[in-house]
Amino acid sequence: MRKPLVVALCALALAGAGATPAVAAAPSPTGADTTTGTAPATSLTDIVNDTVGAVADTLSGLTAPKSAAVNFAGTVSLSNCSGSVVRMPDSAASDPALVLTNGHCLESGFPAPGQVLTDRASSRTFGLLNASGAKVATLRADRLVYATMTDTDAAIYRLNTTYARIKSAYGIDPLTLSGSRPAAGIAISVVSGYWKRIYSCSVDGFAYRLKEGDWTWKDSVRYTSACDTIGGTSGSPVVDDATGKVVAVNNTGNEDGARCTVNNPCEVDRNGGVTVRQGINYAQQTYPFTACFTTGNRLDLSANGCTVPKP
């Protein structure tokens, strides 16, 4: 699972020295997130996160690959992951805005297998990026609407503001979730707000089941090898280059060639056959969520066609 630890001592040392590092520190993809979004602005956690964010911003300007069609507008950076401000196909400008990331990016830690969280209080913050990847605002959630790591790996937060207010203040539109299943072979971009980096590749195919440690996901998107995502890209929107719509949320990859362990997912076919693809990365499809939100961006797990896991 692609989630980094903040390397606090390294970041503070860099800040104290006033130096610009030559390379980014390698993230650890399994570190626990302890940020709650309620700490005072002068806390050590905030100083570390701000410093690491500034380092990532500087490095991104030097090393981030560019995409002609897809950019960073509407993506967000979390303390430990990436994400995006998203709308459903029928969302209105006056609706409270939603943020999509991974279930394993929750500030409370990984949901257990079979666990589904809904309608929880949250004050988590997100750094809103513009087209070039610069942070233009800090957005705040008021609810965790939905989160799970069962069948999929997704979390959806509700912000304390609307799409219209974000557009008016910052000129940024949300990304739209596609209501259709993506097809194999389409060109995609994985847009990381954490690293301010865009990965471009294609959908190589789909894993009937993807098993990682105690968790199993269904019908996962498999990338071609060019999308060599790293820790911190968890929660990145996967954008269909042709439509500009979000078709999946980036979540994991097989790092070491191990079989079905944490950070080394394996594919399981309909007959139980296991395939390990070292260096290949994956995402979870997002179109099922479009049937689960009704007027006003309200979650309705009983809605017709809503197939996501339920509590």
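Residues numbered from 1 in each chain as written. Predicted model: local features only at pLDDT ≥ 70, side-chain atom pairs only at ≥ 80, totals over all residues. Heavy atoms only, no water.

### Points about the overall build of the chain
Put simply, the test is: Every helix listed is a DSSP run of H or I at least four residues long, and every strand listed is a run of E at least two residues long, numbered separately from the N terminus. Think of it in three bands: residues with accessible area under 20% of the maximum for their type are buried, residues over 50% are exposed, and the middle band is partly exposed, with areas taken using a 1.4 Å probe on protein chains only. Contacts were defined at the residue level, with two residues in contact if any of their heavy atoms lie within 4.5 Å. Each accessible area is a Shrake-Rupley result for a 1.4 Å probe, and residues are judged covered by the shown protein chains and nothing else.
Looking only at helices and strands, the chain features 3 helices and 18 strands. The buried share of the chain, taken over its 311 residues, is 52%. Across the chain, the fraction of contacts at a sequence separation of at least 24, relative to all contacts at a separation of at least 6, is 69%. By element, 52% of the accessible surface of the chain is carried by carbon and sulfur atoms, the whole surface being about 12700 Å².

### A short note on unusual backbone geometry
The phi torsion at Asp 119 lies on the positive side, around 50°, for a residue other than glycine. Structurally, Asp 119 is set in strand 4 (residues 116-121). Residue classification places Asp 119 among the exposed positions, given a relative accessible area of 53%. Positive phi outside glycine occurs at Asn 263, with the angle close to 75°. Along the chain, Asn 263 turns up in the loop between strand 13 (246-253) and strand 14 (266-268). Residue class for Asn 263 comes out buried when judged on its relative accessible area of 10%.

### So, empty space enclosed by the protein
Heads up, the rule is: With a 1 Å grid spanning the protein atoms alone, the term cavity applies to any set of points in which a 1.4 Å probe fits but cannot get out, the term pocket to an open set with protein on both sides within 12 Å along at least five of seven lines, and the term lining residue to any residue with an atom within 4 Å of a point. Grid points are joined across faces, edges and corners, and a volume is the space filled by probe spheres set on the points.
Within this structure, the stated rule accounts for 1 cavity of 30 Å³ or more. Along the walls of the largest cavity sit Gly 74, Val 85, Leu 128, Tyr 163, Ile 166, Ile 172, Asp 173 and Pro 174, which together make up its complete lining.

### Quick look at the environment of Gly 193
Mapping Gly 193 onto the fold places it in the loop between strand 9 (187-192) and strand 10 (197-212). For the pair formed by Gly 193 and Phe 126, sequence separation is 67 residues and the distance between their alpha carbons is 9.8 Å. Among residues more than four places away in sequence, those in contact with Gly 193 are Thr 75, Val 76, Ser 77, Ser 82 and Leu 129.

### Considerations on the pattern of salt bridges
What counts is decided by this rule: Here, a salt bridge means any Lys or Arg side-chain nitrogen found within 4 Å of an Asp or Glu carboxyl oxygen.
Following the criterion strictly, the structure yields 9 salt bridges and no others. A salt bridge links Glu 267 to Arg 277; its shortest N-O distance comes to 2.8 Å. Here Glu 267, found in strand 14, pairs with Arg 277, found in the loop between strand 15 (274-275) and strand 16 (281-285); they are 10 residues apart in sequence, far enough to count as distant. By relative accessible area, Arg 277 is classed as partly exposed at 31%. Salt bridges sharing common partners tie together Asp 204, Arg 222, Glu 267 and Arg 277.

### Comments concerning the packing of aromatic side chains
As a reminder of what qualifies: Ring geometry is summarised as follows: Phe, Tyr and Trp rings, the Trp one being its six-membered ring, pair when their centres sit within 6.5 Å, and such pairs are stacked at plane angles under 30 degrees, edge-to-face over 60 and tilted between the two. Criterion for a charge above a ring: Arg CZ or Lys NZ at most 6 Å from the ring centre, at most 35 degrees from the ring normal.
The tally for this structure, following the rule as stated, stands at 4 aromatic pairs. Between Phe 126 and Tyr 157, the ring centres sit 5.3 Å apart and the planes meet at 65°, which makes this aromatic pair edge-to-face. A residue pair is termed long-range when its members are at least 10 positions apart, and Phe 126 in strand 5 (residues 125-129) and Tyr 157 in strand 7 (residues 154-162) qualify at 31 residues. Between Tyr 194 and Trp 195, the ring centres sit 5.0 Å apart and the planes meet at 75°, which makes this aromatic pair edge-to-face. Owing to a relative accessible area of 8%, Tyr 194 belongs among the buried residues under this scheme. Classification of Trp 195 by relative accessible area gives buried; the value is 15%. If you follow Arg 181 out to its NZ or CZ, it ends over the ring of Phe 206, 4.0 Å from the centre. Directly above the ring of Tyr 208 sits Arg 209, whose terminal nitrogen or CZ lies 4.1 Å from the centroid.

### Brief notes about the state of the cysteines
Convention followed: When two cysteine sulfur atoms are found within 2.5 Å, that pair is recorded as a disulfide.
In this structure the tally under the stated criterion is 4 disulfides. Counting only the cysteines that form disulfides, in the order they appear in the chain, gives the pairing 1-2, 3-4, 5-6, 7-8.

### Remarks on the confidence of the model for the chain
If pLDDT is low for a region, its predicted coordinates should not be looked at in detail. Heads up, the condition is: Each residue carries a pLDDT score, the predictor's own confidence in it, on a scale running from 0 to 100.
Averaged over all residues, the pLDDT of the chain is 85; the fraction at 70 or higher stands at 79%. Predicted confidence is poor over residues 5-67, with pLDDT under 50, and the contacts of this stretch with residues over four places away or in other chains come to 82 contacts.

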